[in-house]
Amino acid sequence: MERVGVFVCHCGSNIGSVVDCAKVAEELRNYPNVVHSVDYKYMCSEPGQNLIKEAVKEHNLNRVVVCSCSPRMHENTFRACVAQAGLNPYMFEMANIREHCSWVHAGHNEEATAKAIDLAKMAVAKVCKNKELKKGHSPVTKRALVVGGGIAGIQAALDIANNGYQVDILERTPSIGGKMAQIDKTFPTIDCSACILTPRMVEASSHPNIKLITFAELEKVEGYVGNFDVTIRSKARSVDMSKCTGCGTCMTKCPGKADDEFNMNLQKRPAIYTPFPQAIPNKPVIDRESCLKFKSRKDGKDVCGICAKVCPAGAIDYEQEDEIFVEHYGAIVMATGYDQFDHSVYGEYGYGKYPDVISGLHFERLVNASGPTMGHIVRPSDHKEPKTVVMVKCVGSRDPEHGKSYCSRTCCMYSAKQATLIRDHCPDTKVYIFYMDVRTPGKGYDEFYNRTREEYGVEYIRGRVSKIYQDGEQLIVKGEDSLLGRPVEILADMVILADAMIPQNDAAKMAQIVGIGYDNDGWFTEAHAKLGPVETHTAGIFLAGACQGPKDIPDTVAQAGAAAVKVCGLLSKDQLETDPCTSEIDPALCAGCGHCVGVCPYKAISLETIEERKAGKTISRQVAKVNASLCQGCGACTVTCRSSAANLNHFTNAQILAEVDALCQTIL
Amino acid sequence: MSNNPVEKTENFEPKILVFACNWCTYAGADLAGVSRLQYPPNVRVLRVPCSCRVNPQFVVRAFQRGIDGVLVAGCHPGDCHYTTGNYYTRRRFLLMTRMLEYVGIDSGRFQTRWISGSEGPKFQEVVTEMTEIIRQLGPNQKLRDDVTIEMQDFEEEAVNE
């Protein structure tokens with residue numbers, strides 16, 4: 001006999017101010033199988049949970065329905081509560097009368113109350129068909145994968161490795177280091193970026209628990225938490241890593257030339273190269289797009305080969321091919337970072353048209369001592385020191401029309417940092433910064449900004465730039481000073497655009513490969529904006545750094561550490577509890593057609609032969625069987641099954657139909 | 001309770017059932033709530049793990065029992081939490097829409113849409129638009145059972161029990 005208890009939560013005034021909770025409780029009291037129904041201010045609070053536990057005892061309840069917030073928020077809370085009351089945790093259902101009702105129907109109290117009653121009835125109808133379920137167990141591969149070798153990935157990997165677990169870093173470029181390696185100084189301390197990053201890179205490469213997989217792509221992720229099978233494509237380096245000593249002779253002799261991406265195309269690099277002198281691994285790769293030998297091979301010729309001739313170790317291997325292999329991991333950290341906004345959408349700023357209009361990252365390479373100008377701040381066009389520099393903030397940020405609606409968080413600070421660097425290097429140079437707002441939330445950030453203005457004499461102009469155009473050797477920057485309410489015109493030698501941070505251009509594809517969510521901009525979605533900032537909705541996959549949203553280095557490092565803790569927590573277990581909401585196939589109904597085998601995305605269903613007695617004879621026939629530890633509970637098989645033999649635990653046909661019927665019952 | 005389908009369409013407020021997948025559309029509807037995006041109180045969300053869990057039988061049953069509209073919503077093709085689930089949904093309900101149209105159910109009453117977990121505004125937009133369409137169409141009169149449903153009846157009918 002079903003004995004259902006219904007508990008209606010006011011959630012303070014979140015639900016109670018719109019939905020008449022007392023009325024919902026009262027209506028439900030007369031609903032079939034409900035033996036107890038009450039409302040309470042905060043169901044999830046300790047007194048609220050005690051109320052449920054006591055009611056279970058007092059009224060001998062065997063099923064519980066809580067009408068409150070989203071099950072994505074508190075389903076586990078109440079399942080635990082129900083379990084503590086001595087019931088199976090799956091004898092519980094939730095009706096979402098907050099996110100799906102009171103919050104979206106403000107002012108429509110009567111309709112919202114009627115809807116809450118419907119939702120509660122649906123939950124009661126479903127819970128009456130719930131069955132006791134037991135969690136299963138699956139093993140854990142005690143090894144993690146970090147995708148992305150920037151500071152986020154390096155930090156996460158180091159933290160995991162230092163806790164005693166094996167971890168691989170997968171990096172698509174030839175070296176780890178990421179964007180931080182390109183940056184000259186970091187705010188607000190003006191630390192040299194390379195000086196704090198490269199020791200970490202070395203630590204990661206020499207750590208006994210860390211393996212670097214560089215110049216490789218993530219191809220496919222299969223499996224589930226604790227047991228991921230990851231297919232990796234190791235791109236052909238054309239250099240035998242085991243023979244190469246990293247002497248660098250090949251790079252000095254290579255006649256091929258290509259744009260140097262690491263230096264923002266401010267100079268050329270050879271076709272056989274390491275991205276930067278401190279690269280790890282410090283062994284070159286051949287860029288086949290610009291290598292004379294590979295280019296000539298396309299025309300049926302075979303020229304050059306200088307690198308092979310000069311290599312003392314005989315490490316050059318032109319015939320090397322991409323290698324595809326599968327590795328097993330228990331957890332994955334996504335640390336794929338960000339990209340730069342393409343300014344060319346702002347035609348009025350002349351980016352790409354005027355060589356002296358550059359981006360923030362360009363400037364980092366210009367001012368860097370190992371950059372193309374040896375750290376001398378000069379104009380890219382004529383290599384003269386600029387006397388007036390204009391910086392434009394929010395290029396692509398906070399501009400839903402042309403760019404992104406969000407704030408990129410780092411630009412205010414890096415613009416201030418770059419302005420002080422200019423004033424340090426060239427004390428006679430004037431610096432103007434056009435801004436919309438100055439946002440400096442962070443330890444020591446506002447103090448730094450104030451120093452930029454007061455000690456370094458950088459001039460901040462509140463307003464947007466409307467046009468930049470060339471006049472002789474100089475650039476004319478036209479804008480508005482919105483505080484004084486008048487137009488401004490500045491004759492500048494160089495303009496630096498503070499570009500927005502955007503997701504990597506293949507972020508959506510990457511999210512699809514690993515099976516995590518992403519938002520409209522392409523940032524990976526965390527499990528909960530406040531309470532689950534490093535988890536994703538896919539168990540076992542975590543986020544670190546700017547792949548989740550614009551972030552500066554301190555926040556990235558903090559998040560990487562948080563992700564590492566989550567990974568270690570997972571890997572510390574010998575077994576994981578698995579969700580019992582898996583599919584089951586009734587062999588008595590199964591016709592053995594095998595359609596479910598084909599639709600299962602986890603290869604969890606297989607056909608097996610059973611023997612049974614029929615009309616006095618023993619016959620053998622094929623039936624489908626679900627491997628519960630592989631099944632993830634999507635339910636694809638249940639709809640495909642023609643004989644209704646497949647059913648999904650906790651979302652059975654009977655449960656869903658009971659909900660549909662309960663909803664429709666009020667219509668007829 | 002009358003056995004005849006409602007004939008008056010004045011002040012008619014449709015009732016709409018939304019099958020929402022747990023990972024995308026249910027999260028999108030939650031986001032609409034968190035963002036306080038207001039929409040008509042005519043929709044009721046039923047959570048399923050994946051849109052591919054929605055058996056066409058559930059849709060027919062809802063129309064039989066007098067629902068005015070059904071929305072099946074899941075992750076965008078390519079974004080399915082279970083990799084391939086919504087591809088089955090897409091094919092299945094393309095056919096289903098045609099079949100329902102064939103028996104006289106307007107395509108406005110049965111829709112399949114892709115709403116991601118970050119698309120709270122899209123959830124609001126889709127259900128508002130659908131409510132408006134069905135308000136114009138009036139109460140559903142096709143496929144409806146003639147009998148008054150009692151709780152006991154569907155208890156016995158429920159399949160596979």
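Here the structure is shown first, and the text comes after it.
Quick caveat: nothing in here was measured; it's all calculated off a predicted structure.

A. Summary view of the overall build of chain A. The helix and strand tally for chain A stands at 18 helices and 34 strands. Its C-alpha atoms give chain A principal-axis dimensions of roughly 90 × 70 × 45 Å. In chain A, the proportion of contacts linking residues at least 24 apart, taken out of those at least 6 apart, comes to 69%. Accessible surface for chain A amounts to roughly 27,700 Å². Of this, 49% is attributable to carbon and sulfur atoms. Across chain A, the mean location of the 74 positive side-chain charges is 3 Å away from that of the 80 negative side-chain charges.

B. Spotlight on the sheet that holds strand S25 (residues 474–481) of chain A. Residues and elements named next belong to chain A. Within the open sheet, the three strands sit side by side as S24-S25-S26. Their pairing is antiparallel. Looking at strand neighbours, the two that pair on one side only are strand S24 (465–471) and strand S26 (486–492), the edges of this open sheet. Strand-to-strand twist of the sheet, defined as the mean angle between neighbouring strand axes without regard to direction, takes the value 20 degrees. As judged from the seven bridges shared by S25 and S26, these two strands associate in the antiparallel manner. Paired with Leu 475 across the two strands is Ala 492, which belongs to S26.

C. Fine view of the packing of aromatic side chains. Tallied over the full model, the rule gives 14 aromatic pairs over all chains. Centroid distance Tyr 346 of chain A to Tyr 349 of chain A: 5.3 Å. Interplanar angle 15 degrees. Geometry classified as stacked. One exposure class covers both Tyr 346 of chain A and Tyr 349 of chain A, and it is buried. With 6.3 Å between their ring centres and 80 degrees between their planes, Trp 23 of chain B and Tyr 82 of chain B make a pair best called edge-to-face.

D. Spatial organisation of the packing of helix H2 (residues 46–58) of chain A against helix H3 (residues 71–84) of chain A. Residues and elements named next belong to chain A. Where H2 contacts H3, the axes come no closer than 9 Å and their chain directions differ by 40 degrees. Judged by the angle between their axes, H2 and H3 are oblique. Of the two elements, H2 crosses H3, and the hand of that crossing is right-handed. Judged by residue contacts, Gln 49, Ile 52 and Lys 53 of H2 engage Thr 77, Phe 78, Cys 81 and Gln 84 from H3. Among the residues forming the contact of H2 with H3, the class breakdown is three nonpolar, three polar and one charged.

E. Inspection of the state of the cysteines at higher detail. Residue and element names in this part refer to chain B. With the rule as written, the count across this model stands at two disulfides over all chains. In this model, Cys 24 is linked to Cys 75 through a disulfide, with the two sulfur atoms separated by 2.4 Å. Across the S-S bond of Cys 24 and Cys 75 the torsion is about 100 degrees, and the bridge reads as right-handed. Remark: Cys 75 occurs in the loop between strand S3 (69–74) and helix H3 (85–102) and Cys 24 occurs in the loop between strand S1 (16–21) and helix H1 (25–34); sequence separation between them is 51 residues. For the pair formed by Cys 24 and Cys 75, the shared burial category is buried.

Thresholds, definitions, all that
- Residues numbered from 1 in each chain as written.
- Chains lettered and ligands numbered in written order.
- Predicted model: local features only at pLDDT ≥ 70, side-chain atom pairs only at ≥ 80, totals over all residues.
- Heavy atoms only, no water.
- Helix = DSSP H or I, 4+ residues; strand = E, 2+ residues; numbered from the N terminus.
- Contact = heavy atoms within 4.5 Å.
- Areas by Shrake-Rupley, 256 points an atom, 1.4 Å probe, with all protein chains shown as cover.
- Lys, Arg positive; Asp, Glu negative; His and termini not counted.
- Charge placed at Lys NZ, Arg CZ, Asp CG, Glu CD.
- Pairing = 2+ DSSP bridges.
- Axes fitted to C-alpha atoms, helices over the stretch in contact; angles between N-to-C directions.
- Phe/Tyr/Trp six-rings, centres within 6.5 Å; stacked < 30°, edge-to-face > 60°.
- Buried < 20%, exposed > 50% of the residue type's maximum accessible area, 1.4 Å probe, protein only.
- Parallel < 35°, antiparallel > 145°, perpendicular 65-115°, else oblique.
- Left-handed = near helix turned anticlockwise from the far one by under 90°.
- Nonpolar A, V, L, I, M, F, W, Y, C, P; charged D, E, K, R; others polar.
- Disulfide = S-S within 2.5 Å.

By themselves these figures say nothing about function.
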